[in-house]
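What follows is each chain in one-letter form.
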Amino acid sequence: MSRTLPAGLAVTARVPASTANLGPGFDSLGMALGIYDEIEVRTTDSGLSIRVEGEGADDVPWGPSHLVVRAIERGLESVGVWADGLDVVCRNVIPHSRGLGSSASAVVGGLAAGCALAAKFDPDLAVDADRLVQLASEFEGHPDNAAASVLGGIVVSWTETAADLVVGEFAAEPDPGRVYRAVRLDPHPSLHPIVLIPEVRSSTAHTRGLLPDTVSHGDAAFNVSRAALAVVAMTQRPDLLLPATCDRLHQTQRAPALPLTTAWIARLRAVGIAATVSGAGPTILALGTSGFPAELREIAARDGLRVVEPGLAEGVLVG
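My aim in this report is to walk through the structure given alongside it, one point at a time. (Residues numbered from 1 in each chain as written. Predicted model: local features only at pLDDT ≥ 70, side-chain atom pairs only at ≥ 80, totals over all residues. Heavy atoms only, no water.)

Let us look at the packing of aromatic side chains. Note on aromatic pairs: each is described by the distance of the centres and the angle between the planes. If you walk through the whole model with that rule in mind, you get 0 aromatic pairs. Taking the ring centre of Y36 as reference, the NZ or CZ of R14 above it sits at 3.6 Å. Directly above the ring of W264 sits R267, whose terminal nitrogen or CZ lies 4.6 Å from the centroid. (Phe/Tyr/Trp six-rings, centres within 6.5 Å; stacked < 30°, edge-to-face > 60°. Lys NZ or Arg CZ within 6 Å of the ring centre and 35° of its normal.)

Now for the sheet that holds strand 9 (residues 192-198). Read across the sheet, 4 strands follow the order 10-11-9-12 without closing on themselves; strand pairing throughout is antiparallel. The strands lining the two open edges of the sheet, one partner per strand, are strand 10 (274-277) and strand 12 (305-308). Neighbour to neighbour, the strand axes of the sheet diverge by 20° on average, direction disregarded. With 4 bridges joining them, strand 10 and strand 11 (residues 284-288) adopt antiparallel strand pairing. Directly across from V277, in strand 11, lies its bridge partner I284. (Pairing = 2+ DSSP bridges. Helix = DSSP H or I, 4+ residues; strand = E, 2+ residues; numbered from the N terminus. Axes fitted to C-alpha atoms, helices over the stretch in contact; angles between N-to-C directions.)

Right, let's talk about the pattern of salt bridges for a bit. Going through the model one piece at a time under the given rule, you end up with 13 salt bridges. In this structure, R3 and D122 form a salt bridge, with 3.0 Å as the shortest nitrogen-oxygen distance. One end of the pair, R3, is in strand 1 (residues 3-4); the other, D122, is in the loop between helix 2 (102-121) and helix 3 (129-140), and 119 residues separate them in sequence. Judged by its relative accessible area of 37%, R3 falls in the partly exposed class. Residue class for D122 comes out buried when judged on its relative accessible area of 16%. The salt bridge involving R237 is made with D239; its shortest N-O contact spans 2.8 Å. A relative accessible area of 39% means that R237 is categorised as partly exposed. The exposure class assigned to D239 is exposed, which follows from its relative accessible area of 53%. One salt-bridge network, held together by shared partners, links E38, E40, E53 and R91. (Salt bridge = Lys/Arg side-chain N within 4 Å of Asp/Glu carboxyl O. Buried < 20%, exposed > 50% of the residue type's maximum accessible area, 1.4 Å probe, protein only.)

Treat this as a map of the structure, not an account of what it does.
See the structure below:
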C-alpha cells in the first residue's frame, strides 16, 4: 500500500541535455551536454499546478499528461509513495525536437525529483543511478539519451533479457522483460563538443521510420569497429575522432529528411572536423579539441544555425 507524502516537501532537479549515437553507436553511445533544464517540485495538500517557462512553454500540455508530471508520478510510484498534490515549475532551456534529448531530460528530471521527494520523506527509499537509468529508459524505449542525462560524461548503454545472456541448447525462453544498463566513461580532457542547432524541428518517429529493417553484414561489421574506435577516440585518442565517427547504419538513410544537416556534416568533415547527426537530428554534433572556426560560424549563422559550445556535463543533480 502506498504511503502519502506530507505537504511542504520540495526539491529542485537540474538535468543536462544529451546527444546520442555519436556517429556509429546507434542507440548505444551517448554524451551529456552542458545545456540544462530545471524542475522545481513541491508537495501540496491537493491538486496539480504546473508552470512551464522557456522552451516548449507554448506547445506542451500544462496538466497531468505533461511528461515531467508523468515522470514525477512514476518516480513516486516506483518506491511506493504518493502525493495528494503537486506544484511543478519547469524552466526549459534544452531545445525541443532538435536531437538534444529534451524528452529524455524531462523524464530523468521528473523521475529524479519524484524519487528525491520520497527520499526526503524516508531516506531508506533513496534510488540509485542504475535504477534511474532503468526507469527513464522504460519511457524512452532505449537508454542512450536517458543514461547520459543520469550519469553524465560519455555513456555506453545496452539492453538485456534473460535470453540474451545464454546461447545454444541452454538458452532461456524469450523474456519480455527488458533490463536497461549503462556505464559512464570519462572523456578525454581535451574533448570539446559543439552543436549547430537549426530553427527547424524534426520528428524522431519520422526519422526512425526511414531506417531499414535489415542491414548488410558488411555494414554491421563496419559500425561495430567504428563504435569500438569511438570509445577509444573520445576517452584516449581524440586524434582518431574523424574515422571513429563514421557510420553506415542510420545517417545516410535519414539524409533525405535532413538536407541542411547532411550538407553541414559533409562540409565539416571535409575540413577535418568530426561531425555527426545529434540523435535523430536535425542538430549537428561536432567533436574536436578546439573551438569552432570563426569563418564557419559566420556561414552557419547565414544558414540559420545557432552554434553552441556547451561543454560536457555531469549527470542530473537534485537539491
